[in-house]
Amino acid sequence: DQQVKQNSPSLSVQEGRISILNCDYTNSMFDYFLWYKKYPAEGPTFLISISSIKDKNEDGRFTVFLNKSAKHLSLHIVPSQPGDSAVYFCAAPGNNRKLIWGLGTSLAVNP
Amino acid sequence: GAGVSQSPSNKVTEKGKDVELRCDPISGHTALYWYRQSLGQGLEFLIYFQGNSAPDKSGLPSDRFSAERTGGSVSTLTIQRTQQEDSAVYLCASSPGVGENQPQHFGDGTRLSIL
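Reading the values: the criteria
Numbers given to residues run from 1 along each chain, matching the order in which its sequence is written. Throughout, the order in which chains and ligands are written sets their labels, letters from A for the former and numbers from 1 for the latter. Where totals are concerned, whole chains, interfaces and linings use all residues; where local detail is concerned, this predicted model gives features only for residues with pLDDT of at least 70, and gives and counts side-chain atom pairs only at 80 or more. Side-chain measures here rest on the full set of heavy atoms in the structure, leaving out hydrogens and waters. Salt bridges are defined by distance alone: a side-chain nitrogen of Lys or Arg within 4 Å of a carboxyl oxygen of Asp or Glu. When accessible area is computed with a 1.4 Å probe and restricted to protein chains, residues below 20% of their type maximum are described as buried, those above 50% as exposed, and intermediate ones as partly exposed. Every helix listed is a DSSP run of H or I at least four residues long, and every strand listed is a run of E at least two residues long, numbered separately from the N terminus. Whether two residues touch is decided by their heavy atoms; if any such pair falls within 4.5 Å, the residues are in contact. When two components associate, each loses some accessible surface as probed by a 1.4 Å sphere; the sum of these losses over both components is called the buried area. Here a polar contact is recorded for every N or O atom pair within 3.5 Å, except that within protein the pair must consist of a potential hydrogen donor and a potential acceptor, and residues adjacent in sequence are included only if both atoms are side-chain atoms. Ten residues, namely Ala, Val, Leu, Ile, Met, Phe, Trp, Tyr, Cys and Pro, are considered nonpolar, four, namely Asp, Glu, Lys and Arg, are considered charged, and the remaining ones, Gly among them, are considered polar. The criterion is simple. A nonpolar core is a set of buried Ala, Val, Leu, Ile, Met, Phe, Trp, Tyr and Cys residues joined through side-chain atoms within 4.5 Å. Stacked, tilted and edge-to-face are the three classes applied to pairs of Phe, Tyr and Trp rings, where Trp contributes its six-membered ring and a pair requires centres within 6.5 Å; stacked means planes under 30 degrees apart, edge-to-face means over 60, and tilted covers the rest. Whenever a pair of cysteine sulfur atoms sits within 2.5 Å, that pair is classed as a disulfide.

Enquirer: Residue-level account of the pattern of salt bridges, with values.
Expert: Considering all chains together, one arrives at six salt bridges over all chains under this definition. Glu58 of chain A is the salt-bridge partner of Lys56 of chain A, the closest N and O atoms lying 3.9 Å from each other. For Lys56 of chain A, a relative accessible area of 42% gives the class partly exposed. The salt bridge involving Asp56 of chain B is made with Lys98 of chain A; its shortest N-O contact spans 3.5 Å. One end of the pair, Asp56 of chain B, is in the loop between strand 5 (43-50) and strand 6 (65-69); the other, Lys98 of chain A, is in the loop between strand 9 (86-93) and strand 10 (99-101), on a second chain.

Here it is in structure tokens:
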């Protein structure tokens with residue numbers, strides 16, 4: 001039973017456009033969510049988080065939106081840059097704050 | 001450097017051998033996690049250490065897997081009698097504590113291949 005789901009394995013966008021990465025979850029008890037970015041042969045890098053009591057958190061070109069009623073969150077990157085090409089993971093803390101991960105979405109930003 | 005350091009970066013070994021994977025967390029981080037990512041799979045939690053508390057071993061897939069953390073710092077993940085299904089990237093993460101404002105920081109992982 002996957003508690004955190006990323007249903008799009010890949011996404012391709014043009015440089016300068018908006019990238020929207022989606023994530024759904026089933027456990028309404030998660031108290032925050034995180035997005036990580038991963039380049040090949042490197043570990044995941046923390047990108048941005050959002051508390052369950054908020055509906056939006058913004059950090060530069062990255063904004064995360066949370067819709068608790070729909071159990072859905074999304075990461076918006078605008079404008080997208082070629083260096084944003086990576087795999088993006090949505091995660092939420094389970095017991096002992098061990099992270100429960102989605103399967104990731106591979107983003108390709110084309111010049 | 002100041003990040004989480006894992007060694008070796010790659011390990012190839014024969015089925016049935018034991019392997020040890022090492023993690024040096026960020027200095028001062030009290031929480032340490034091990035995860036693994038198998039081909040085509042998401043990250044899977046293995047074990048969690050927090051200070052002097054008993055570790056959370058609930059993610060270890062079998063009794064062939066064990067981990068320890070000495071002196072609250074360096075951690076070693078040991079896999080005995082390796083099997084081909086153990087092939088994966090093993091990732092270590094540390095955080096200063098737990099909570100939204102204390103995200104886990106990851107090393108670059110050890111890519112383990114069992115022949």
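Enquirer: Give me the lowdown on the interface of chain A and chain B, citing residues and values where you can.
Expert: Contact with chain A, which involves 21 residues of that partner, is made by 19 residues of chain B. Note on chain A versus chain B: buried area summed over both sides is about 1,600 Å², and carbon and sulfur give 58% of it. Linking chain A with chain B are one salt bridge. Between chain A and chain B we count four residue pairs in polar contact (both at pLDDT 80 or more) in total. Mapped onto the side of chain A that touches chain B, the elements with two or more residues apiece are strand 4 (32-38), strand 5 (45-51) and strand 10 of chain A. In the side of chain A that touches chain B, the residues fall into eleven nonpolar, six polar and four charged.

Enquirer: Could you give me a rundown of the nonpolar core, with the residues and numbers involved?
Expert: Grouped together as the largest cluster of nonpolar side chains are 23 residues, with contacts concentrated most on Phe33, Trp35, Leu73, Leu75 and Tyr88 of chain A. Among the elements that line this core, the one with the most residues is strand 9 of chain A, at four residues. Val19, Ile26, Ala67 and Leu112 of chain B belong to the second-largest nonpolar core, a separate cluster that totals 20 residues.

Enquirer: Account for the environment of Trp101 of chain A, with residues named and values stated.
Expert: Locating Trp101 of chain A in the fold gives a position in strand 10. Each C-alpha atom, one on Trp101 of chain A and one on Tyr36 of chain A, is 9.7 Å from the other, the two residues being 65 residues apart in sequence.

Enquirer: For unusual backbone geometry, give the residues involved together with the corresponding values.
Expert: It is generally the case that most residues other than glycine have a negative phi and that most peptide bonds are trans. Residues Val78 of chain A and Pro79 of chain A are joined by a peptide bond in cis, for which omega reads -10°. Looking at the secondary structure, you find Pro79 of chain A in the loop between strand 8 (72-77) and strand 9. Cis geometry marks the peptide bond from Ser7 of chain B to Pro8 of chain B, where omega comes out at -10°. Turning to its location among the elements, Pro8 of chain B is positioned in the loop between strand 1 (5-7) and strand 2 (10-13).

Enquirer: Describe the packing of aromatic side chains, and please don't skip the residues or the numbers.
Expert: Taken as a whole, this structure holds 13 aromatic pairs over all chains when the rule is applied. With 5.5 Å between their ring centres and 75° between their planes, Trp101 of chain A and Phe106 of chain B make a pair best called edge-to-face. One end of the pair, Trp101 of chain A, is in strand 10; the other, Phe106 of chain B, is in strand 9 (residues 105-106), on a second chain. Of the two residues examined, Trp101 of chain A and Phe106 of chain B, each falls in the buried class. On the basis of an interplanar angle of 75° and a centroid distance of 6.1 Å, the ring pair of Tyr35 of chain B and Phe45 of chain B is categorised as edge-to-face. Residue Tyr35 of chain B is found in strand 4 (residues 31-37), and its partner Phe45 of chain B is found in strand 5; the two are separated by ten residues along the sequence.

Enquirer: So what's going on with the state of the cysteines? Which residues, and what values?
Expert: The final tally for this structure, using the stated rule, is two disulfides over all chains. Cys23 of chain A shares a disulfide with Cys90 of chain A; S-S distance 2.1 Å. What sets the handedness of the Cys23 of chain A and Cys90 of chain A disulfide is the S-S torsion sign, and at about -75° it is left-handed. Of this pair, Cys23 of chain A sits in strand 3 (residues 19-25) while Cys90 of chain A is found in strand 9, placing the two residues 67 residues apart along the sequence. Of the two residues, Cys23 of chain A and Cys90 of chain A, neither departs from the other in class, the shared state being buried. Here Cys23 of chain B connects covalently by a disulfide to Cys92 of chain B, the sulfurs 1.9 Å from one another. Between Cys23 of chain B and Cys92 of chain B, the disulfide has an S-S torsion of -65° and is therefore left-handed. Here Cys23 of chain B, found in strand 3 (residues 19-24), pairs with Cys92 of chain B, found in strand 8 (residues 88-95); they are 69 residues apart in sequence, far enough to count as distant. An identical accessibility class is assigned to Cys23 of chain B and Cys92 of chain B; each is buried.

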